[in-house]
Amino acid sequence: DSYDNLRAQLSVAHQHTFRRGFALRWQLSGYADHLVYLKSAFSATNNWTRILKFAPQVLFQASEAVRASQRVGVRAHYVTYDFEYIPGTPKSFSSRTFFVNDSLAARLTSRTTMTMNYNLELEEIGSLNWDEFTTRPQVTRVRHWLFLTFDHVVASRWRFSPGVSFYRQTQWRHEATPRGMERQPAGRLTTLGPQVRLTYERAPHALLYFQGRQQMVFSA
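On a predicted model such as this, the values are computed, not experimentally measured, just so you know. (Residues numbered from 1 in each chain as written. Predicted model: local features only at pLDDT ≥ 70, side-chain atom pairs only at ≥ 80, totals over all residues. Heavy atoms only, no water.)

1. What about the overall build of the chain?
Next up, step 1: Helix and strand counts for the chain stand at 0 helices and 11 strands.
Next up, step 2: The order of helices and strands in the chain, counted from the N terminus, is β-β-β-β-β-β-β-β-β-β-β.
Next up, step 3: A compact globule built from 220 residues should have a C-alpha radius of gyration of about 17 Å, whereas the chain, at 23 Å, is more than 25% larger.
Next up, step 4: For the C-alpha atoms alone, the extent of the chain along its principal axes is close to 65 × 40 × 40 Å.
Next up, step 5: Considering the chain as a whole, with its 220 residues, one finds that 25% of them fall into the buried category.
Next up, step 6: Taking contacts inside the chain between residues at least 6 apart in sequence as the whole, the part at least 24 apart equals 52%. (Helix = DSSP H or I, 4+ residues; strand = E, 2+ residues; numbered from the N terminus. Rg over C-alpha atoms; globule rule 2.2 N^0.38 Å. Buried < 20%, exposed > 50% of the residue type's maximum accessible area, 1.4 Å probe, protein only. Contact = heavy atoms within 4.5 Å.)

Here it is, written out as structure tokens:
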């Protein structure tokens, strides 16, 4: 009873198989959400959220033991406030992201499978003028994720999966200078560490697992 929402979502996907083991899939999706608070005390944050994403993906299976995929896409996220012209209210902003997702799975032996996932994101956040559909960059971020796992079948119901994870985020600020807008370093964060998972599966009645992770964090 405190707010109303109007949501709309549309997603279109298509896949074409060129030959056995090689296919192209693409997806176009859109999302809109209008949030309206019924109490005047919160109405300054009434807003529209709009998200548009396009992501083609290549699927490749070289053999029964090796399969890979790569997805490349763009995502635009816009948030506009209904009363941003009033002093002290939130201002509209946008986030535009280019991303790459790579995955590789290879069966090394009859009992061991290697899985590697790599993600890359280039994100630009800035102020937004929806009427003129223009943005002014404020922050740029580059993110990397890497996950490497070896899944080993110890016994008929036991799996042991050691691995390692890596994450890095580098950030810049866009500042106005006498020479115009310039990008200034605003810090870097890196996390690195091993991880392990022990699984016991007795389908369809039970699934138990223990998972542990240790991370080292570096900031600059």
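2. Observations regarding a nonpolar patch on the surface
Next up, step 1: A cluster of nonpolar residues, Leu10, Val12, Leu28, Leu52, Phe54, Val74, Phe98 and Leu122, forms a patch on the protein surface that exposes about 690 Å² of accessible area.
Next up, step 2: Within the residue set of the nonpolar patch, elements represented by two or more residues are strand E1 (3-19) and strand E3 (47-61).
Next up, step 3: Structurally, Leu122 can be placed in strand E6 (residues 112-129). (Patch = residues over 30% accessible without salt bridge, like charges linked within 9 Å, V, L, I, M, F, W, Y side chains within 5 Å. Areas by Shrake-Rupley, 256 points an atom, 1.4 Å probe, with all protein chains shown as cover. Salt bridge = Lys/Arg side-chain N within 4 Å of Asp/Glu carboxyl O.)

3. Observations concerning the side chain of Glu121
Next up, step 1: In this fold, Glu121 is placed in strand E6.
Next up, step 2: Glu121 sits in the buried class, given a relative accessible area of 17%.
Next up, step 3: Setting aside anything within four residues of it in sequence, one finds Glu121 in contact with Arg75, Thr97, Phe98, Phe99, Arg141, Val142, Arg143 and Trp145.

4. Quick word on the packing of aromatic side chains
Next up, step 1: Per the stated rule, a full pass over the model turns up 10 aromatic pairs.
Next up, step 2: Taking 5.9 Å as the distance between ring centres and 45° as the angle between the ring planes, the aromatic pair formed by Tyr37 and Phe42 counts as tilted.
Next up, step 3: Given a relative accessible area of 26%, Tyr37 falls into the partly exposed group.
Next up, step 4: By relative accessible area, Phe42 is classed as partly exposed at 45%.
Next up, step 5: Taken together, a centroid distance of 6.4 Å and an interplanar angle of 70° make the contact between Phe83 and Tyr85 edge-to-face.
Next up, step 6: Tyr85 gets classed as exposed once you look at its relative accessible area, which sits at 63%.
Next up, step 7: Its end group placed over the ring of Trp172, Arg183 keeps NZ or CZ at 4.2 Å from the ring centre.
Next up, step 8: The residue whose ring lies beneath Arg197 is Tyr209, and the NZ or CZ to ring-centre distance is 4.1 Å. (Phe/Tyr/Trp six-rings, centres within 6.5 Å; stacked < 30°, edge-to-face > 60°. Lys NZ or Arg CZ within 6 Å of the ring centre and 35° of its normal.)

5. Some details on the pairing of E1
Next up, step 1: Pairing analysis gives 16 bridges linking E1 to strand E2 (residues 22-37), with the strands arranged antiparallel. What sits directly across from Arg7, in E2, is Asp33.
Next up, step 2: Between the end of E1 and the start of E2, which pair antiparallel, lie 2 residues, with Gly21 showing a positive phi angle near 90°. (Pairing = 2+ DSSP bridges.)

6. With respect to the confidence of the model for the chain
Next up, step 1: Mean pLDDT over the chain works out to 93, with 100% of the residues at or above the 70 mark.
Next up, step 2: Mean pLDDT values over the elements of the chain span from 92, in strand E10 (residues 206-213), up to 97, in strand E5 (residues 93-107). (pLDDT = per-residue confidence, 0-100.)

7. Digging into the environment of Leu52
Next up, step 1: By secondary structure assignment, the location of Leu52 is in strand E3.
Next up, step 2: Residues Leu52 and Ile86 lie 34 residues apart in sequence; the distance between their C-alpha atoms is 28 Å.
Next up, step 3: Residue contacts for Leu52: discarding those within four places in its chain leaves Leu28, Ser29, Gly30, Val74, Arg75 and Ala76.

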